[in-house]
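Summary of structural features
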Number of protein chains: 2
Amino acid sequence: MRNVGVLGYGMVPVGEHWGQSALELAGAAVQAARIDAGVERIDLLVVANMLAACGSHGQLNLGAQIADWSGLRGIEAFKAESACASGGSAFRCAWLAVASGQVDLALVVGVEKMTETLVPEVTLGLASAADADYEIPHGPSFVALNALIMQRYMHEYGWKHEDFAPFSIVAHENASRNPYARLQDRISPEAYRKARMICDPINLLDASPIGDGAAALVLAPLDRYPPRSGRAPLRVAGCASSTDSLAIHDRRQPLRLQAAEESSARAYAMAGIGPKDVDFFELHDAFSIMSALSLEASGFAAPGQGPRLALDGELQADGRLPIATHGGLKARGHPVGATGVYQIVEVVRQLWGEAGRNQLRRAHTGMAQNIGGSGATIVTTLLQTQN
Amino acid sequence: MRNVGVLGYGMVPVGEHWGQSALELAGAAVQAARIDAGVERIDLLVVANMLAACGSHGQLNLGAQIADWSGLRGIEAFKAESACASGGSAFRCAWLAVASGQVDLALVVGVEKMTETLVPEVTLGLASAADADYEIPHGPSFVALNALIMQRYMHEYGWKHEDFAPFSIVAHENASRNPYARLQDRISPEAYRKARMICDPINLLDASPIGDGAAALVLAPLDRYPPRSGRAPLRVAGCASSTDSLAIHDRRQPLRLQAAEESSARAYAMAGIGPKDVDFFELHDAFSIMSALSLEASGFAAPGQGPRLALDGELQADGRLPIATHGGLKARGHPVGATGVYQIVEVVRQLWGEAGRNQLRRAHTGMAQNIGGSGATIVTTLLQTQN
């Protein structure tokens, strides 16, 4: 297996891009990544997308379409989908293709266009990440499923709603310094406490905003394509994906992200490191409860103790394990199928010292974790600089 | 890169499975393939599917769901999609994962459930393989787009409609001996000529029937997992995927399948063989015109001369290049996202001498070609027995 490195990245700000189609957003990210990587040629394009197939303006075959639009007509292309973990799954496909030796230059682009779709269609589309036979017919939206988990978690472990505040406050703080973020305003504990209730106990500031966006990465064999001058070689040290049941009621332990436990354990083993070696963590804070569960499953906190890390200030930029360093899903925004690629782009920016005002002092090993459904597909990726 | 072999396969008959969900169909194929391969363990499940995301009962995250349903909860899983070439793309993902050394036992399952979806939804879903911005708004269905190609082809090269008859007659002849086929009746030249017109010049017997179905394959490193006693080692000798524009009007030569030319040339190069070394060809005869274009693009006939091979009887079971040896899309049926996997299963059955009454006398090198859209994504796969 070849060592695979990141060669470049590109993205568009997450927001409401009324004037741009999914194709235009994806094309902009693809071109930015090629320019950043300094390569014209691309051998394989893997597209991550969740919702373009749904709704009245359905578009399948996005791989070929985005390749053509980006001036790459002819190359291999396809879409990988695992709901909101599509970005992580697509990244893993691209990584394996380069690792195998079959492909030299792989480009993964995550794209989602949500603001032009009618709200009921988006809600239905997002719900299709859950079990369409045994969960959705009972009426819950995707927010409601997460609310059930959060309610139970608070009951089991005795946390109050306000104990989750730091997750959102930290994310907004970091997003306020990220021009690519959807919500660039800071929030106060009081604002969090008073935010409009969406689905008890999830209020508006526990939930990430959807949005339009596209992010892209170029992968290549590390020995044949060194990064451009001034950038450290950046290796994919570990990348693993695991699954669980779609339906929450089918899980053995609904308050544990089994697929995160397994994928992080395998990613650590590949990289030969453990949680203590991770400098920062781009986690999947679609809802604040998911931040807690993700930290626990990945070995950063004991079961039920995720909020403790947040309350102790350890997740802030100057803490022991900074999270959501560009704003996370909560404030950078959650263009669902693209999110997993944004996360890895953000890890790369930290590792290359290109995170602007969000730059961490110590950034040698970064981790991204991308969740599809309420925990059904989870991809954990570890990147490391080599000096 | 490791040598990858096929270890086993499984499938359900293509048909109208009113009593079974996509999950049940996929699960049946997965279990059959695991039993056939003689392995309990699976490391990676790649799902090929096109339409489950669409319509009112949308289901994304199929990878995790099918893994769980099949008793494989926890393993890595995701969906690959490139419209009707999803099966080929998923196979290539699984192949690269095993070739890389990261994964030992990969299972690819193609599944499609179409008969419980309302006809207008299926028509819209199929159309989403074409360009949703520049083709579909003008009104054509997917049949109509193929009819435009066929009309132009007949005009350019002077063929009459009846010259395409042998493609369909051969497919139905072979399907009559395949218990897994959707249409097991033979058809006569007269029936072909008199068939109901669907979209001039495509009549009912030029078009493949949709259907429900699922097919699966287990891949593994050839040196570590030899096939069971009595079966020859079966190697993936070449597998390549190429793309073209989604919209037909954007192509430089609308009567040439550029992506088939490129992917077959690359697959031949990987295998170190040429068209003359191919013993039989599972082509993508969604419409009879596609058979002609596929034969030409893959080096079996000069441009415009595909129907000549058919008229000369060279594509029959006893001809120089048997095609659609189990009935092809035309008569075995076309459960869109699953089709590419059925094609490769059929190649495997021939190579292992397990094709029953359709068994060819010479089957050492078999080729499958899977087309997504009207030629936008094309995956060509070559399998060879090793003795």
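Residues numbered from 1 in each chain as written. Chains lettered and ligands numbered in written order. Predicted model: local features only at pLDDT ≥ 70, side-chain atom pairs only at ≥ 80, totals over all residues. Heavy atoms only, no water.

1. Quick word on the domain arrangement of chain A
All names here are of chain A. For clarity, the threshold we go by: What fixes the domain bounds is an automatic or database domain assignment. By definition in these notes, contact holds between two residues if any of their heavy atoms fall within 4.5 Å. Put simply, buried area is how much 1.4 Å-probe accessible surface two parts lose in total, over both of them, once they are put together. Salt bridges are identified by distance alone: a Lys or Arg side-chain nitrogen within 4 Å of an Asp or Glu carboxyl oxygen.
Partitioning chain A into structural domains gives domain 1 (4-116 + 210-221) and domain 2 (119-205 + 233-385). Spacing between the C-alpha centres of domain 1 and domain 2 amounts to 22 Å. With 45 residues of domain 1 at the contact, the number on the domain 2 side is 41 residues. In total, domain 1 and domain 2 occlude about 3400 Å² of area from one another, counting both sides; carbon and sulfur atoms represent 71% of this. Applying the counting criterion to the domain 1 and domain 2 interface returns one salt bridge. As a salt-bridge pair, Glu16 and Arg182 come within 3.5 Å of each other at their nearest N and O atoms.

2. Let's talk about empty space enclosed by the protein
Counted only if it meets this: The definitions used throughout rest on a 1 Å grid laid over the protein atoms alone, on which a cavity is an enclosed set of points accommodating a 1.4 Å probe that cannot get out and a pocket is an open set flanked by protein within 12 Å on both sides along at least five of seven lines; lining residues are those having an atom within 4 Å of a point. Grid points are joined across faces, edges and corners, and a volume is the space filled by probe spheres set on the points. For this scheme, ten residues count as nonpolar: Ala, Val, Leu, Ile, Met, Phe, Trp, Tyr, Cys and Pro. Four count as charged, namely Asp, Glu, Lys and Arg, and the remainder, Gly too, count as polar.
Using the criterion set out here, one finds four cavities of 30 Å³ or more in the structure. Reported here for the largest cavity is a volume of approximately 70 Å³. Around the largest cavity sit A:Leu44, A:Phe78, A:Cys93, A:Leu96, A:Ala97, B:Leu44, B:Phe78, B:Cys93, B:Leu96 and B:Ala97, which together line it. The residue inventory of the lining of the largest cavity, partitioned by class, reads 10 nonpolar, no polar and no charged.

3. Overview of helix α4 (residues 119-127) of chain A
Where we set the bar: Three labels apply to residues, based on accessible area from a 1.4 Å probe with only protein chains included: buried if under 20% of the type maximum, exposed if over 50%, partly exposed otherwise in between. For helices the rule is a DSSP run of H or I covering at least 4 residues; for strands it is a run of E covering at least 2, with both sets numbered from the N terminus onward.
Where α4(A) is concerned, the buried positions are A:Val122, A:Gly125, A:Leu126 and A:Ala127. The elements touched by buried residues of α4(A) are α5 (142-157) of chain A.

4. Here we look at the packing of helix α1 (residues 22-37) of chain A against helix α2 (residues 62-69) of chain A
All names here are of chain A. The cut-off we apply is this: To get an axis, a line is fitted to the C-alpha atoms, and for a helix only the part in contact is used. The angle between two axes follows their N-to-C directions and goes from 0 to 180 degrees. Angle categories are assigned with fixed cut-offs, so that under 35 degrees is roughly parallel, over 145 is roughly antiparallel, 65 to 115 is roughly perpendicular, and the rest are oblique. Throughout, a crossing is termed right-handed when the near helix is turned clockwise from the far one, and left-handed when it is turned anticlockwise from it by less than a right angle.
At their nearest, the axes of α1 and α2 sit 9 Å apart, and the two run at 60 degrees to each other. The orientation of α1 relative to α2 falls into the category oblique. As for the relative orientation of α1 and α2, their crossing is right-handed in sense. Residue-level inspection shows Leu23, Glu24, Ala26, Gly27 and Val30 of α1 in contact with α2, the latter providing Gln65, Ile66 and Trp69.

5. Side note on the relation of the copies chain A and chain B
What counts, and what does not: A least-squares superposition brings the copies together, and it is based on the C-alpha atoms of residues with pLDDT no lower than 70 in both.
Placing chain A over chain B gives an RMSD of 0.0 Å and needs a rotation angle of 180 degrees, together with 0.0 Å of translation along the axis. Here the copies are linked by what is in effect a two-fold axis. Residues of chain A ranked by C-alpha distance from the rotation axis are headed by A:Ser100, positioned 1.8 Å from it. In this assembly the copies share their binding face: 98% of the residues contributing to the interface of chain A also contribute to that of chain B.

6. Re the interface of chain A and chain B
Convention followed: Whenever a nitrogen or oxygen atom comes within 3.5 Å of another N or O atom, the pair is scored as a polar contact, on the condition that within protein one atom can donate a hydrogen and the other can accept it, and that pairs from neighbouring residues in sequence are kept only if both atoms are in side chains.
Counting from both sides, the interface comprises 60 residues of chain A and, opposite them, 59 residues of chain B. Both faces combined, the contact of chain A with chain B buries some 4700 Å², and carbon together with sulfur accounts for 49% of it. Taking the shortest distance from any N to any O, the salt bridge between A:Glu76 and B:Arg92 comes out at 2.5 Å. The tally of links between chain A and chain B comes to 28 residue pairs in polar contact (both at pLDDT 80 or more). The leading source of residues in the side of chain A that touches chain B is helix α3 (residues 86-100) of chain A, at eight residues.

7. A few points about the pattern of salt bridges
Summed over the entire model, instances satisfying the criterion amount to 48 salt bridges over all chains. As a salt-bridge pair, A:Arg231 and A:Glu354 come within 2.8 Å of each other at their nearest N and O atoms. Here A:Arg231, found in the loop between β7 (213-221) and β8 (234-243), pairs with A:Glu354, found in the loop between α12 (339-351) and β10 (365-372); they are 123 residues apart in sequence, far enough to count as distant. Of the residues examined, A:Glu354 reaches a relative accessible area of 24% and is grouped as partly exposed. For B:Arg332, the salt bridge is made with B:Glu346, and the minimal N-O distance between the two is 2.7 Å. One end of the pair, B:Arg332, is in helix α11 (residues 328-332); the other, B:Glu346, is in helix α12 (residues 339-351), with 14 residues separating them in the sequence. Looking at B:Arg332, the relative accessible area reads 1%, which means it is buried. A cluster of three or more residues bridged by salt bridges with shared partners is formed by A:Arg2, A:Arg41, A:Asp43, A:Asp104 and A:Arg224.

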